[in-house]
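Now for the letters of each chain:
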Amino acid sequence: MKDFWDSILSFAQDTVDRVGQQLLQDFGTTQADEKDDGSLVTQSDNWADGEIRSAIASTFPSHGILSEEGEHVFPDTEWCWIVDPVDATTNFARGIPIWGISLGLLYRGTPVFGCVHLPPLSQTFHGFFAGDFVEKNLLTDIPQGAFLNGKPIRPSADKMSGNHLFNLCSRSVGIGPHLPSKVRMLGMATYNFLTVASGAVLGGVEATPKIWDIAGSWVIVKAAGAVWLPLDSQAIFPLEVGKNYARVSYPTLVMNRQELVSIFLPFVEAWKQKKLGN
């Protein structure tokens, strides 16, 4: 099956590169409209979504597709792609160069491959992570590892200091003053997590990421060896056939290593409880 995995990686990288080149032409010049859920969408989002879905259907006709701008119901297929054609549409529309394209490939409802491309930064992350599937001898030949522009990445093993960084989302800024580190807010959920995987920051929290924010980055974070901690009791994967994921959020904490979870999690939990009014 090595040829299969090679074809997956080649397809993903070629597709995000091609779509990304066109999106760069539209960057900062397109009008954004507000969707029913309050998030933004542009003509570029819809164009990129159509291009990616068409490429998947042409290359892997038996694979299902779930996309932020398209179908939200998880299909009854063994393989399924989850697509975020423009992650960080607000940044994209306002001319802030932190946005990207995210693809995740799921096997039986669980991501095993992820690819995230940030055209303005010329950064492409990818990773393979099969977890229990390897132990069950279902995907024994899958590659392993997480990569940035083809080079392996790992979380930072630095001793924590006040000059290290922790990423926040716009809904979690209340945590910032209490943390034992500096904070950053990137405006892109996927990149929030990937900067932990690549060693740039200690950790990051997202209050309301959707499945298309998670699918591709989850694989890369896990493959890199970082810690992914859902802040709700519900398991994220495997996804449920027939379920509509349009409005399902997955509050998440990602840390570079387990020993720091006990330091940062209490701040995150205190913020969460205050937010819920408990």
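Look up: the structure comes first, before these words.
A few points on the structure. These figures come from a predicted structure and were not determined experimentally.

Now for helix H1 (residues 2–26). Between its terminal C-alpha atoms H1 stretches 37 Å, which fits the 36 Å expected from 25 residues at 1.5 Å a residue. Residues of H1 that are buried: Phe4, Trp5, Ile8, Leu9, Phe11, Ala12, Thr15, Val16, Val19, Gly20 and Leu23. Lining the buried residues of H1 we find helix H2 (43–59), strand S4 (79–87), helix H3 (89–94), strand S5 (100–107), strand S6 (110–118) and strand S7 (123–128). Gly28 sits one or two positions beyond H1 and adopts a positive phi of about 80 degrees.

Note that Asp45 resides in helix H2. Judged by relative accessible area, which is 0%, Asp45 ranks as buried. Those residues in contact with Asp45 that lie beyond four places of it in its chain are Glu69, Pro85, Val86 and Thr89.

Bringing the sheet that holds strand S11 (residues 182–184) into the picture now. Sheet architecture is open: five strands sit in the order S11-S10-S12-S14-S13, paired in mixed fashion. Every other strand in the sheet has two partners, leaving S11 and strand S13 (227–230) as the edge strands with one partner each. Recorded for the sheet is a direction-independent mean angle of 20 degrees between the axes of neighbouring strands. Of the strand pairs in this sheet, S13 and strand S14 (residues 252–255) are connected by four bridges, and their pairing is antiparallel. Bridging across to S14, Trp228 finds its partner in Val254. Where helix H5 (residues 189–197) meets the sheet, its contacts fall on strand S10 (165–167), strand S12 (203–206), S13 and S14, and the angle it forms with S12 comes to roughly 160 degrees.

This brings us to the pattern of salt bridges. Applying the stated criterion to the full structure yields four salt bridges. For Arg53, the salt bridge is made with Asp49, and the minimal N-O distance between the two is 2.7 Å. Residue Arg53 and its partner Asp49 are both found in helix H2; the two are separated by four residues, about one turn of the helix. The class of Arg53 is partly exposed, set by a relative accessible area of 33%. The class of Asp49 is buried, set by a relative accessible area of 2%. With its nearest N and O atoms 3.5 Å apart, the salt bridge here joins Glu259 to Arg257.

Conventions used here
- Residues numbered from 1 in each chain as written.
- Predicted model: local features only at pLDDT ≥ 70, side-chain atom pairs only at ≥ 80, totals over all residues.
- Heavy atoms only, no water.
- Helix = DSSP H or I, 4+ residues; strand = E, 2+ residues; numbered from the N terminus.
- Expected span 1.5 Å × (residues − 1).
- Buried < 20%, exposed > 50% of the residue type's maximum accessible area, 1.4 Å probe, protein only.
- Contact = heavy atoms within 4.5 Å.
- Pairing = 2+ DSSP bridges.
- Axes fitted to C-alpha atoms, helices over the stretch in contact; angles between N-to-C directions.
- Salt bridge = Lys/Arg side-chain N within 4 Å of Asp/Glu carboxyl O.

From the geometry alone we can't say anything about function, so treat these as descriptive.
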